[in-house]
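A closer look at the structure
Take a look at the letters that make up each chain.
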Amino acid sequence: MTDDVARCFQGIIEDREPPRYEKVMDGYKGFLFLDKDCNPLVAMH
């Protein structure tokens with residue numbers, strides 16, 4: 001991972017508003033991008 005990418009992710013983590021309840025999906029949590037319902041953001045068709 002380059003320094004630019006690391007800084008980008010660090011900025012996302014710092015600016016991210018923590019959700020009231022952390023969602024766990026298939027053992028994963030701490031998603032960077034959430035939709036309006038606090039679900040992990042996915043690509044929709």
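See the structure above.
Residues numbered from 1 in each chain as written. Predicted model: local features only at pLDDT ≥ 70, side-chain atom pairs only at ≥ 80, totals over all residues. Heavy atoms only, no water.

This part is about the pattern of salt bridges. A full pass over the atoms with the stated rule returns two salt bridges. Close ionic contact of R7 with D4 constitutes a salt bridge, the shortest N to O distance being 2.3 Å. Taken as a pair, R7 and D4 lie in helix α1 (residues 3-15) at a separation of three residues, close to a single helical turn. Comparing R7 with D4, the two get one shared label, exposed. (Salt bridge = Lys/Arg side-chain N within 4 Å of Asp/Glu carboxyl O. Helix = DSSP H or I, 4+ residues; strand = E, 2+ residues; numbered from the N terminus. Buried < 20%, exposed > 50% of the residue type's maximum accessible area, 1.4 Å probe, protein only.)

Below, the discussion takes up unusual backbone geometry. With a phi close to 55°, D26 is a non-glycine residue in the positive phi region. Its location among the elements puts D26 in the segment after α1. On the basis of relative accessible area, D26 is assigned to the exposed category, the value being 78%. The phi dihedral of C38 falls on the positive side, at around 65°, and the residue is not glycine. Inspection of the secondary structure puts C38 in the segment after α1.

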